[in-house]
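Single-letter residue listing:
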Amino acid sequence: MKIVIVGGVAGGASAAARIRRLDEHAQIIMFEKGPHVSFSNCALPYRLSDEINSDQRLIMMTPERFAHQYNIQACPNHEVLSIHRNEKKVCVKNLISGETFEESYDKLILAPGASAIVPKISGIEKAHTFVVKNVADVSRLYSFLKENKVKKTAVLGGGFIGVEVCENLIHAGYEVSLIEAMPQILRTYDYDMVQILHKEMMDKGVRLVVNDKAIGFNDSNVLLESGKVVESEAVILALGVRPDTMLAKEAGLLLNERGAIKVDANYCTSDPDIYAVGDAIEVFNALTHQPMMLSLAGPAQKEARAAADHIYGHAVRNHGYIGSSCIQVFDYQAACTGLNAAQCEALGFSYDFVYIIPQDKVSIMPHSYPLHLKLIFEVPTGKILGAQAISKGEAVKRIDVIATLIKFNGTIDDLKDLELCYAPPFSTAKDPVNYAGLVAGNLLENRFSQVHVDKVRELVENQACIIDVREEGEYAQGHLVSAINIPLSQLRQRMDEIPKDRPVYLHCRSAQRSYNAVMALQGYGYKNVYNISGSFLGICLYEYFNDVSKNRKPIVTAYNFN
C-alpha cells in the first residue's frame, strides 16, 4: 500500500509512525511545506527566553532519521498544491528547486494544521510583526530581537501562545505589553478564575490591556480602539489560528461553516480514500454532543493513530474529546478540562459549581500553596462537566484526575469516593478533588447555600449583612469594608448579633470556617444564610486586577493574597 501524508508534526508524523508499525512494507511519503517535518511546536515560546537554548533542540526528527529508523520518506519544503481525487494523485511543488511533480496514492492523510491569523489593519505592512507557528518563525523573531537590541515588545492576543510568549519575553528581559480585545485572557477559564492569572502577569511586569482592540500601527507602535498607543519595536501576532484547508476545499471535500474538514468517527473525509487529522478538522465534543474544533497536540496524535488503524481495518472507538489543557503562567500552574461555566450558561445546561481553596499539600510542609479549584457539575444528575485549577503548587494533576472521571461519565459521588495517593509532601489525606466532590454533594442535596466572589461587590454596595468569621487579628489586617467581625470561636456566644429577618452572608479566608459557621447557624434555626465561596482570599484575587487597571475603589480595606 502507498500512503501519502500532507503535513508533519503531531498529526502527520504520528500517522506515519503508526502506519509503519502496522505495515513494514507500506510505502509512506510525507510532504511538509515547512523546513522541518517534526518539531515541538508547543515549546516554541520557550526559545525566546533561552530556556530552550538553540533552534536545533526544537527539532524532534529529521528526514534522515525518518528514513533510517522508520523507512519513511519525509520531504520538507514540499507543498502539495492540489488533489486529483479521480486519479488518486497529488500535485507537489519542491519549494527549493521549484520543480512540480505528481505523486500517486492508495490512501491520503491530510494533516495541514492551521495558519496564524494575521489581521488586515492599517499600517501592519510597515510594522515589525511576527507569528510563532514553527521553528523558522521563532528563529526569525529571536534573531530580530537580539540583532536590533529591542527593548519594547507587544503581543496581540491572550491565548496560550500569546501568554507563553509574554512570559518568555519577560524572562529574557524585554518590556512586554499584552493586548487582548476580549475582557480576559485564556478564555478556556472562567472570568472569576482568570483574575488570578491577570494579577500574576501584572505582578511579573507585563502591561496587560484587556477589552481593547488593536486597530492600527504607527511604525511598530500599536494603536488601540480606546485611543491609547502602546509603544513597541516588535509585535507578536497571537490572535489565534484558522484551519489550513484550502487544499481540501479545492478538492471538493466537505467542510464545516468555519472551514474545518468534516470527518466521520474514523477520521475519514467525504472521500473514502482521504483521511484528515489535527487542527484542520472538526471533532466530536463528548459533553455537548456537538462538533467542535480543537487545536491540541494530544488529540491530534490520537486522531492520527485512529486514522492509521482504520486504514488497516483495526477497530476504532471514537469517544470524542473534552478539551483538557494546561499552561504555566510565571509562578502558577493553570489547568482546565471539559466545559467552563460560561459555556454551560451559553448552552443552556442546568449546572452549578463549587470554588474551593484548599492547600495543594499538607499545610505545614514546605512549598504548600493554596489551590484554587472550580468544579462544574450538572444539576440534578451530579455529572461532572468541567473543572479548572490554578496554583503555585500541584494544579495539573488535580485536573488530570477530574478529566479521567469525565471521560468515564463520572459524577461528584465518584469524585468524593476516589482513593488517591497521599503523603504530606504530595497531597492531603482528603485530596482537594475529594473535597470538591464533597462540597458539590452538599450543594446538590441543598444542605447549604452559597454565593460566589463575583457577587460580593454588589452585596457590599447594597449594604448586605456580611459577617467575617476569621479571628480578630486576621480581620484587622484587611477585610470587606462593610463586614462585621464575629469570629467562629465566638459565634455561638454572639448569635444575638446576627439577624434572622434578612439574608446573612458569611466568609472567612477560604470558605471552610464560614461553611462551619453556616451549618451552625442553620442548626440554630437560621434559614437565610449563605457561604461566600472563595471567601476573602478569593474576593481579593477576583477584585484586584480590575481595581488597579480601572482605578476603581476597592471593597476591601487591604488585600490579602496569602
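Before going into details, it helps to say that this report is about the structure given with it.

How each quantity is defined
Residues numbered from 1 in each chain as written. Predicted model: local features only at pLDDT ≥ 70, side-chain atom pairs only at ≥ 80, totals over all residues. Heavy atoms only, no water. Helix = DSSP H or I, 4+ residues; strand = E, 2+ residues; numbered from the N terminus. Rg over C-alpha atoms; globule rule 2.2 N^0.38 Å. Buried < 20%, exposed > 50% of the residue type's maximum accessible area, 1.4 Å probe, protein only. Contact = heavy atoms within 4.5 Å. Salt bridge = Lys/Arg side-chain N within 4 Å of Asp/Glu carboxyl O. Pairing = 2+ DSSP bridges. 1 Å grid on protein atoms, 1.4 Å probe; cavity = no way out; pocket = protein on both sides within 12 Å on 5 of 7 lines; lining within 4 Å. Points joined across faces, edges and corners; volume = space filled by probe spheres on them. Nonpolar A, V, L, I, M, F, W, Y, C, P; charged D, E, K, R; others polar.

Summing up its helical and strand segments, the chain has 15 helices and 32 strands in all. In terms of overall size, the chain behaves like a compact globule, its C-alpha atoms giving a radius of gyration of 27 Å where 562 residues would be expected to give roughly 24 Å. Taken along the three principal axes of its C-alpha coordinates, the chain extends 90 × 55 × 40 Å. Expressed as a percentage of its 562 residues, the buried residues of the chain come to 55%. A sequence separation of at least 24 residues applies to 63% of the contacts in the chain between residues at least 6 apart.

So, on to the pattern of salt bridges. Between side chains of opposite charge, a pair can form when the charged atoms approach closely. Using the criterion set out here, one finds 29 salt bridges in the structure. Across the salt bridge formed by Arg494 and Glu497, the nearest N and O atoms sit 2.8 Å from each other. Look at Glu497 and you get partly exposed, because its relative accessible area is 41%. Salt bridges sharing partners connect three or more residues here, namely Arg457, Glu461, Glu543, Asp547 and Arg552.

Now for the pairing of strand S29 (residues 465-468). Taking every second residue as pointing to the same face, both faces of S29 are buried, with Cys465 and Ile467 on one and Ile466 and Asp468 on the other. Strand direction decides the pairing type here: S29 and strand S31 (residues 504-507), joined by four bridges, are parallel. Bridging from a neighbouring strand, Asp468 pairs with His507 of S31. Taken together, the two bridges between S29 and strand S30 (residues 484-485) define a ladder with parallel strand orientation. Bridged to Asp468 within S30 is Asn485.

This part takes up the layout of surface pockets. Taken as a whole, the second largest pocket spans an internal volume of roughly 370 Å³. Looking at side-chain class alone, the lining of the second largest pocket contains eight nonpolar, four polar and four charged residues.

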